[in-house]
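In case you want the letters, here they are:
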There are 2 protein chains.
Amino acid sequence: MSIQKINIKQKFTLFDEQWSPKIIAQLNDYHFKIAKIQGEFVWHSHPETDEVFIVIDGEFEMQLRDGNLALGAGEMCVIPGGVEHRPVAERECAILMIEPAGTLNTGDAGGEHTIEELDWL
Amino acid sequence: MSIQKINIKQKFTLFDEQWSPKIIAQLNDYHFKIAKIQGEFVWHSHPETDEVFIVIDGEFEMQLRDGNLALGAGEMCVIPGGVEHRPVAERECAILMIEPAGTLNTGDAGGEHTIEELDWL
């Protein structure tokens, strides 16, 4: 077995699609997923799990029902399970998400943004 | 409940000790821990869990029994459960580790570097 190093920013050069998370690493039953985001996502929550967002490049706003968090590169937040949230990015922003494998990007909301099968990079 | 943003680099300004992980976030039963490392750690493994290392600032070498990985800022690796490893840093390096809460820093090796109770920042 050979353990590889993963260059997070380099992984973002491998795709262009927005709102399409790609898996870059697995830690036990958790996935590390990266995504390019721009515009407004759907309001949703994940009743079964917390979710971590880390900004790799750019900035975005994590909208919450009781206020918004402005996050820039090098900043992170933990969205507790069941808490409604909506990421919004004026300009394209590169993010890393960490959550259990199988967690749907749209959580309990579903809809057109839902991606069931994620690619590995 | 108020969700806070966490500035990862800012957290490193709050302490000086090396090899003394501090918890900065919790995701379900996983902890996000930061540490300043310099010099050679002990060889050890975590039979019960994988472990993620992300370099925030600087560089270090993850020594493995079958070769070494040189990791710089923005790079990460996953050490699978049971795989012996030893972090070595020539100059001080700032790292983020992600692993289940309660995972000991020295794994199955124990010894003077072991820290049982971690502080939150």
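Since we're looking at a predicted model, the values are computed, not measured.

1. Let's talk about the relation of the copies chain A and chain B
Stage number 1. Between chain A and chain B, which share one sequence, the superposing operator has a rotation angle of 180° and an axial displacement of 0.0 Å; the RMSD is 0.0 Å. Here the symmetry operator amounts to a two-fold rotation axis.
Stage number 2. Of the interface residues in chain A, 100% have counterparts in chain B that sit at the interface too, so the contact is made through matching surfaces.

2. Regarding the interface of chain A and chain B
Stage number 1. Contacts between the two partners involve 23 residues from chain A, matched on the other side by 23 residues from chain B.
Stage number 2. Going through the elements one at a time, strand 1 (6–7), helix 1 (8–11), strand 2 (22–27), strand 6 (67–72) and strand 7 (75–79) of chain A are the ones with two or more residues in the side of chain A that touches chain B.
Stage number 3. Among the elements that line the side of chain A that touches chain B, the one with the most residues is strand 7 of chain A, at 5 residues.
Stage number 4. Here the residues of the side of chain A that touches chain B are counted per class, giving 14 nonpolar, 5 polar and 4 charged.
Stage number 5. In this structure, strand 1 of chain A lies alongside strand 7 (residues 75–79) of chain B, joined through 2 bridges in antiparallel fashion. The residue of strand 7 of chain B that forms the bridge with asparagine 7 of chain A is glutamate 75 of chain B.

3. A word on the environment of aspartate 16 of chain B
All names here are of chain B.
Stage number 1. Tracing the sequence through the fold places aspartate 16 in the loop between helix 1 (8–11) and strand 2 (22–27).
Stage number 2. On the basis of neighbour count, aspartate 16 is assigned to the exposed category, with 9 C-beta atoms found within 10 Å.
Stage number 3. Aspartate 16 sits 96 residues away from glutamate 112 along the chain, and the two C-alpha atoms are 18 Å apart.

The rules behind each value
Residues numbered from 1 in each chain as written. Chains lettered and ligands numbered in written order. Predicted model: local features only at pLDDT ≥ 70, side-chain atom pairs only at ≥ 80, totals over all residues. Least-squares fit on C-alpha atoms with pLDDT ≥ 70 in both. Contact = placed C-beta atoms within 7 Å. Helix = DSSP H or I, 4+ residues; strand = E, 2+ residues; numbered from the N terminus. Nonpolar A, V, L, I, M, F, W, Y, C, P; charged D, E, K, R; others polar. Pairing = 2+ DSSP bridges. Buried ≥ 20, exposed ≤ 12 C-beta atoms within 10 Å, placed from the backbone.

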